[in-house]
Amino acid sequence: MMTRTSLRADRTRHMEIHLTVNGVEHASEVEPRTLLVHHLREGLGLTGTNVGCDTTSCGACTVHLDGESAKSCTVLAVQADGHEITTIEGLAEDGQLHPMQAAFQEHHGLQCGFCTPGMVMAAVSLLEEQPDADEAAVRQGLEGNLCRCTGYQNIVAAVLSCSKGVPA
C-alpha cells in the first residue's frame, strides 16, 4: 500500500535522459513532468526557445525534433529521450546566420523578437517540406505561430525570399 508520502516521492523521482541538442550529446536527470522547453531553457541554458503559452497556441517554443517542427511546450523531456533536437541556436553554422535567419533580418521580419525563434524554426521546416512554397502556402504553414507585433507581411516576405518557387 502506498502512502501519501511515497506517492509524492514517486512523482518527483528523476529520470536520466539522453538528447542530442544542436549536435551535442547531453545526459541529464529530469523530473518526468518536465517539459522539453523548460529543460532546454533551464537545464541546458538554451534560452532562444521561448515559452509563450504552454498550450501550443503561439509557437514561440518551436524546435526541430528529429528534423520535424515541434512545439516543445507540449513534449515532455522524457519523450525526447534518445532523439535529436535543433534549437534556434543550432541553425547558424561557423558564425554565419542560417539563410532564414538572414532573411528575417534583411526583410525586417521581426519587431520585439519574442516569436522570431519559433517563427524561424517553423519556416525552415516548412521550406524543407515545401521548397517551392508560394505566399498562400507560407501563410498556411505559419498559421500555428503567432506574432503580436507585426502584420506578418515582412515575415512572409522573409520566408518567400528563401523559397525556390518565388522569383528573386
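Above this text you will find the structure in question.
A. Here's a closer look at the sheet that holds strand 2 (residues 24-30). Read from one edge to the other, the open sheet built from five strands follows the order 2-1-5-3-4, with strand pairing classed as mixed. Either end of the sheet is taken by a strand with one partner, and the two such strands are strand 2 and strand 4 (68-71). Ignoring strand direction, the axes of neighbouring strands in this sheet form an average angle of 40°. Bridge count between strand 3 (residues 62-65) and strand 5 (residues 84-86): two bridges; the pairing is antiparallel. Its bridge partner being in strand 5, Leu65 is matched across the sheet by Ile85. Its contacts with the sheet place helix 2 (residues 36-43) against strand 1 (15-21), strand 2, strand 3 and strand 5, and it is angled at close to 80° to strand 1.

B. Representation of the nonpolar core within the structure. Formed by 24 residues in total, the largest nonpolar core has its most connected members in Met100, Phe104, Met119, Val120, Val138, Leu142 and Val159. At the level of secondary structure, the elements contributing two or more residues to this core comprise helix 3 (99-106), helix 4 (116-129), helix 5 (135-141) and helix 6 (153-162). Per-element tally for this core: the top contributor is helix 4, with eight residues. Non-local contacts of Val120, meaning those with residues more than four positions away in its chain, are made with Ile88, Leu91, Met100, Gln101 and Phe104. Of all hydrophobic cores here, the second largest spans twelve residues; its members include Leu40, Leu46, Val63 and Ala77.

C. Local environment of the side chain of Ser28. Among the structural elements, Ser28 can be located in strand 2. A relative accessible area of 12% means that Ser28 is categorised as buried. Within polar-contact distance, the side chain of Ser28 engages the side chain of His39 at 3.3 Å. The residues contacting Ser28, other than those within four sequence positions of it, are Met15, Glu16, Ile17, His39 and Leu44.

D. Quick peek at the environment of Leu126. Locating Leu126 in the fold gives a position in helix 4. For Leu126 and His14, which are 112 residues apart along the polypeptide, the C-alpha to C-alpha distance reads 35 Å. In contact with Leu126, other than residues within four places in its own chain, are Ala137, Val138 and Gly141.

About the thresholds
- Residues numbered from 1 in each chain as written.
- Predicted model: local features only at pLDDT ≥ 70, side-chain atom pairs only at ≥ 80, totals over all residues.
- Heavy atoms only, no water.
- Pairing = 2+ DSSP bridges.
- Helix = DSSP H or I, 4+ residues; strand = E, 2+ residues; numbered from the N terminus.
- Axes fitted to C-alpha atoms, helices over the stretch in contact; angles between N-to-C directions.
- Contact = heavy atoms within 4.5 Å.
- Core = buried A, V, L, I, M, F, W, Y, C linked by side-chain atoms within 4.5 Å.
- Buried < 20%, exposed > 50% of the residue type's maximum accessible area, 1.4 Å probe, protein only.
- Polar contact = N/O pair within 3.5 Å; in protein donor to acceptor, adjacent residues only side chain to side chain.

By themselves, these are just geometric observations and shouldn't be taken as functional.
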